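# Coordinate analysis (summary)
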Amino acid sequence: MHDRPTLGETLERQGVSRRGFLKFCVTTASLLALPPTAATAIAEALGQARRPSVIWLSFQECTGCTESLTRSFAPTLENLILETISLDYHHTLQAAAGEAAERAREEAMHANEGQYLVVVDGSLPGPGANPGYSTIAGISNLQMLEETLAGAAAVVAVGSCAAFGGLPMADPNPTGAVPVSKVVRDKPVINVSGCPPLPMVITGVLAHYLTFGRLPELDEYGRPLAFFGQSIHDRCYRRPFYDKGLFAETFDDEGAKKGWCLYRLGCKGPMAYNACATMKWNGGTSWPIESGHPCLGCSEPDFWDAGGFYRALSVPTGDIATTAAVGGLLGAAAGGAAVVKTRRAKADAISAHRPITAEELEQQL
Amino acid sequence: MSETAINSTTEPTVASFSLERGLQAWREEIDAPTAAFFSSCVHCGLCAQACPFFVETGDPKYTPIHKLEPLRRLWEREFTLWGKLKTRLGFSQPIDDALLEEWEPLLYDSCSMCGRCSMVCPVGNDIQYMIRKTREGMVASGHAPEGLIAASVRAVNTGSPMGLQWKTLDVQIKHVETASGLTVPIDQAGADYLVLLSSMEIINFPEYLEAIAKIFDHAEVSWTLSQECFEATNAGVQIGSKDIAAVLVQRVVDAAVKLGVKNVISPECGHAYTGIRWEGPNVIGRAYPFKVFHIIEVLDQLRADGRLRTEGMETDRLSMHDPCNLARKSGVIEQQRHLMKLVAENFIDMKEHGKYQWCCGAGGGVSSNERAEELKMAAFRRKKAQIEEIRPDRLVTMCATCRTQLEEGLEEYTMDIPVVGLTEMIAEHLVEGEPS
C-alpha cells in the first residue's frame, strides 16, 4: 500500500502543473461551499494522499452515471479525479473480463482492507427478490455488494437508481429492486442522486472524502448538502417569470418562445434539490430548463412515480391552502409595497440626475 | 477635495460633486442584475484567483467582488428588506466619504475592467459590469483619480484625452503621405469606412496610419478620416461617467452621419472598441445608422474575400497578446489568428489565450492614472510569466494601450522582446506594385 505514489506525485507525472492542481482545489472548495482557506487544506491533503482504491459496482443501471463522469469535458475535475484514484474494478472501464476481472476486485479488497471506497451505480434485486434478475459472473448483486462492503470504508451510491431505486424500482417494480441504503447497515452511505448525477458532484464528494477523511454534511436523504442544499427553482434563471406570474402554457406558445417559467408544463424545480441550475451540463453549456424542458426532479426519490412529468405540481388542499393563501397574499402585499418604494427611489434618482460635465470635472483639478 | 465641493454653495452655477450626488448615481445604476449579482455571490473567492492585481500582489483587498463594497452597501441598505431592518436597528455600516476615499484606488487603480473575474464567476456575476456602474458614483461624489479627470476634460474640450488637435494629426498625415506616396483621404463624404484613431497611435505608433493607408490602397477600400472627429477613445467610459461618454460617442455619430459613411472603424485600442461598439448605443440611447468594426475584423474580412495578397513569411517565433476588450469582451479571437497565419510561419499561442488570456494590466483607465503606476507594473508580472513560459522572439498585439504596456513592462523587467502591431505587420507583407 505504501509504495503507491501520492496524488501529488501522480499528477506531476501526468503533467498537471502545481497551478492547475491548485485551481482544481480552489474550485472543489468553492463547489463544496467551503471557505476559500479550505482550498489550501484540500491541496495539502490531496497532495499527500496515497491513491485510494475505488471499487465501482454496476448493478441494475443504464451506464448513464459512468457516461456522465467520463464524458465530461477535458481537462476537468472529473479527469483529474479519475486519473488520481486507483479505480481497481469497473465493469465498463476495465480491460479485464470474466475471472480476471473478479480476481482484480478480490485483490483490491484484500490489499486495501478497511480503506477502499465502494461506488455503486444501479439498484439491485432486494433480499426478498429473485436474485436471478441481475447477476455478474454468476454472483447475485446482493451477494457481491455484501462481500465487497465487508472491508469498505464507505459507500457512495451514484445516481438515482443506487440512491433511491430509480427506474428499476418504478411501479410495479418487477425485479424487487431496492436502493443501496436498504442493504447497507454498518457503513456510511452517501447518496449522489440524479439521473445521471452531475459529474462535478461525484468528484466533489470523492475529493471531500480524500481531504477530510470523512463524508461531507448530508441532507435528510443522505445527499451532500453543498450540492443538494438549494432547489432548482431557487436558482433557476426563469425564476423572475415565475415571480411575475408569467408561464408557458404549451411547448410552442408565445410564453415558451419568450422563455417564461415552465411550472405549468410540469416543472418539478420547486421540489427538486440539485445543482444543475448553477453548474449546468456539458462543460457549462446548458441544462434541461435552459433548453426549454421542465425539470423532471430526477434527483428526488421516486421521481418516476411522482405524478406525470408534464403535470404541474399539485397545490396543497384544505386548511393549509387557506393559510398559505392568506400568508402569500400578505407577503405579496408587503413585498409589492417594498418593490414600489425602491422603484420610486430609483426613478427619483433618475429624474434628479444632473449630468456630469467637463467644466465640473475641471473644477476638481 | 470633496469637502470643498460640498461647501461650495456660494456659487450656484458651479455644480458640485458630493457624497449625496454619488449615492444618487448609484440609485440610478442599481438594477435587477445588480440585485441578482449581490444576492448570489457565494464568497468563493474565485474572482480573486482570476485577477492579475490580486494574483501578483497577494493582497486580499484586491479581490474583485470586494471592490464593489460601497455599491453593495447602498444596495443592501436601501433595496433589501433585511438591509432596511438592519439600518433601522442601527446595524448597517456607513457609506461616507472616508469609505469612498479608501475604495477609490480599489475601483480605479487596481481594476482594468478586463472581465476575467466575470468570466470565471461560478454564479455568473458580471463583476466588471458592476465596477463600471460603481465608478458612476465615484465620479459624482468627487472620488475619481486626477489622471482620469484630466483626460476626460481634455477629451471633451480638445477632442482627445491626450490633448491632441487636428493639426498634430495633420503633421502625421503629411509624414505618412511623404513616406508612402499615397494620399490620406480626409472628409470624403460617402466613403465606405470612417477610420478613427487613438491619440496613442498618433503619437506613439504613427506607423499604424501608414499601414492602414497602404492596406486600404492595396485592397481598394474607400475610406476617410474626419477633421471633426478623429479620436474614438472614450475617457467617459474609463472614468465611469455615462454623461461624458455620451458626449464623446455623439461626436463620432455626428461625424459619421455627416459624411454618410456605412461603417466606422475603431482604432487599435481595446476600450475604444467596446466603448463605441457596445456601450455607445446605450449611452446615447439609440442605435447607430452605421456599423462599427475593429480594424482587425475589417482586415480579416478582406482576407476572407481574397483582397489581401501577401508575400513572404515572418520566420521568428511570434506570440500574441489578445486585448481583453477584443478577445474576452467582444469575441474577436479567430480573426487575428487568421491574419497571423497569413504572414507568420512560426506562431505560438500562450497557454492561456483568447478569452482566457491574462490582462496586460493597463486598461480601463489604469494607464491614465499616474498613481496606479506601481500596481500596473505589478499586474504585468502575470503577463511576463506567460511570456517567459513560451519565450517568443517578438510579441504581436492589436491595442495601443496593451502595446505601450507590453513595451514598458518588458523594458522594466529587462526582457528584450520587441512588440509589433498586427496591422503594421500585415502591411509589410503586401504584394506591391500590382493592381488588385
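Residues numbered from 1 in each chain as written. Chains lettered and ligands numbered in written order. Predicted model: local features only at pLDDT ≥ 70, side-chain atom pairs only at ≥ 80, totals over all residues. Heavy atoms only, no water.

Looking at an unreviewed UniProt entry, chain B carries the name Succinate dehydrogenase/fumarate reductase iron-sulfur subunit, with the source organism given as Thiorhodovibrio winogradskyi.

The name given to chain A in an unreviewed UniProt entry is hydrogenase (acceptor), with Thiorhodovibrio winogradskyi as the source organism. The annotation that UniProt attaches to chain A under Sequence similarities (unreviewed entry) is "Belongs to the [NiFe]/[NiFeSe] hydrogenase small subunit family." In its Subunit (unreviewed entry) section, the UniProt record describing chain A reads: "Heterodimer of a large and a small subunit." (UniProt positions renumbered as here; feature names shortened; annotations may be inferred.)

## Description of the sheet that holds strand E2 (residues 223-224) of chain B
Residues and elements named next belong to chain B. On the basis of which strands lie adjacent, the open sheet formed by 4 strands has the order E2-E1-E3-E4 and parallel pairing. One side of each edge strand has no neighbouring strand; the edge strands of this open sheet are E2 and strand E4 (291-294). Two strands pair when backbone bridges link them, and strand E1 (residues 193-195) and strand E3 (residues 263-266) are joined in this way by 3 bridges, in the parallel orientation. Looking at the pairing, leucine 194 lines up with valine 264 of E3. Strand contacts of helix H18 (residues 295-304): E1, E3 and E4, with the helix running at about 85 degrees to E4, the strand carrying the most contacts. (Pairing = 2+ DSSP bridges. Helix = DSSP H or I, 4+ residues; strand = E, 2+ residues; numbered from the N terminus. Contact = heavy atoms within 4.5 Å. Axes fitted to C-alpha atoms, helices over the stretch in contact; angles between N-to-C directions.)

## Some details on helix H17 (residues 270-284) of chain B
Residues and elements named next belong to chain B. Spanning 15 residues, H17 covers 20 Å between terminal C-alpha atoms, matching the ideal 21 Å at 1.5 Å per step. Within the span of H17, buried status applies to Gly270, His271, Ala272, Tyr273, Thr274, Gly275, Ile276, Gly280, Val283 and Ile284. Looking at the buried residues of H17, the elements they touch are helix H15 (235-239), helix H16 (242-259), E3, E4, H18 and helix H19 (327-330). Within two residues after H17, glycine 285 carries a phi angle of roughly 80 degrees, on the positive side. (Expected span 1.5 Å × (residues − 1). Buried < 20%, exposed > 50% of the residue type's maximum accessible area, 1.4 Å probe, protein only.)

## Thoughts on the packing of aromatic side chains
Enumeration according to the criterion identifies 16 aromatic pairs over all chains in this entry. Ring centres 5.8 Å apart and planes at 50 degrees place the aromatic pair A:Trp304 and A:Phe309 in the tilted group. Linked through ring pairs, A:Tyr242, A:Phe247 and A:Tyr263 together constitute an aromatic cluster. Lying over the aromatic face of A:Tyr89, A:Arg105 brings its terminal NZ or CZ to 5.9 Å of the ring centre. The aromatic ring of B:Trp358 is capped on one face by B:Arg382, whose charged end is 5.0 Å from the ring centroid. (Phe/Tyr/Trp six-rings, centres within 6.5 Å; stacked < 30°, edge-to-face > 60°. Lys NZ or Arg CZ within 6 Å of the ring centre and 35° of its normal.)

## A few points about the sheet that holds strand E6 (residues 394-397) of chain B
Residues and elements named next belong to chain B. Judged by pairing direction, the sheet is parallel, and its 3 strands sit side by side in the order E5-E6-E7 without closing on themselves. The sheet is open, and its two borders are formed by strand E5 (318-320) and strand E7 (419-421), each paired with just one other strand. Neighbouring strand axes in the sheet, compared pairwise and without regard to direction, differ in orientation by 35 degrees on average. Both E6 and E7 contribute to a ladder of 3 bridges, which runs parallel. Note that in E7 the partner of valine 396 across the bridge is valine 420. Across the sheet, helix H22 (residues 400-412) touches E6 and E7, and the angle it forms with E7 is around 170 degrees.

## Observations concerning the pairing of strand E7 (residues 152-158) of chain A
Residues and elements named next belong to chain A. Most of E7 is tucked away, with 7 of its 7 residues classed as buried. Sheet topology places strand E3 (residues 116-121) next to E7; 6 bridges connect them, and they run parallel. The residue of E7 that forms the bridge with aspartate 121 is valine 158. Where E7 and strand E9 (residues 189-192) come together, 4 bridges link them in parallel fashion. Its bridge partner lying in E9, valine 155 is registered against valine 189.

## Points about a nonpolar patch on the surface
Nonpolar side chains collect at one region of the surface, where B:Leu81, B:Trp82 and B:Leu85 lie side by side and expose about 380 Å² of accessible area between them. Relative to the helices and strands, B:Leu81 is located in helix H7 (residues 81-88). (Patch = residues over 30% accessible without salt bridge, like charges linked within 9 Å, V, L, I, M, F, W, Y side chains within 5 Å. Areas by Shrake-Rupley, 256 points an atom, 1.4 Å probe, with all protein chains shown as cover. Salt bridge = Lys/Arg side-chain N within 4 Å of Asp/Glu carboxyl O.)

## A short note on the pairing of strand E1 (residues 53-58) of chain A
Residues and elements named next belong to chain A. Of all 6 residues in E1, 6 are buried; the element is thus mostly enclosed. Bridge count between E1 and strand E2 (residues 86-90): 4 bridges; the pairing is parallel. Across the sheet, the residue bridging to serine 53 is serine 86, located in E2. Both E1 and E3 contribute to a ladder of 5 bridges, which runs parallel. Counted as the bridge partner of tryptophan 56 is valine 119 from E3.

## Observations regarding the packing of helix H8 (residues 97-109) of chain B against helix H10 (residues 127-140) of chain B
Residue and element names in this part refer to chain B. At their nearest, the axes of H8 and H10 sit 11 Å apart, and the two run at 140 degrees to each other. Viewed along their axes, H8 and H10 adopt a mutual orientation that is oblique. Relative to H10, H8 is oriented so that their crossing is left-handed. Here H8 contributes Leu100, Trp103, Glu104, Leu107 and Tyr108 to the contact with H10, which in turn contributes Ile131, Thr134, Arg135, Met138 and Val139. (Parallel < 35°, antiparallel > 145°, perpendicular 65-115°, else oblique. Left-handed = near helix turned anticlockwise from the far one by under 90°.)

## Things to note about the environment of B:Thr224
Residue and element names in this part refer to chain B. Tracing the backbone shows threonine 224 in strand E2. Measuring from C-alpha to C-alpha, the distance between threonine 224 and aspartate 192 comes to 8.1 Å, with 32 residues separating the pair along the chain. Apart from residues lying up to four places away in sequence, threonine 224 is in contact with Pro185, Ile186, Asp187, Gln188, Ala191, Tyr193, Leu194, Val195, Leu259 and Val261. There is a polar contact of 2.9 Å between the side chain of threonine 224 and the backbone nitrogen of glutamine 188. (Polar contact = N/O pair within 3.5 Å; in protein donor to acceptor, adjacent residues only side chain to side chain.)

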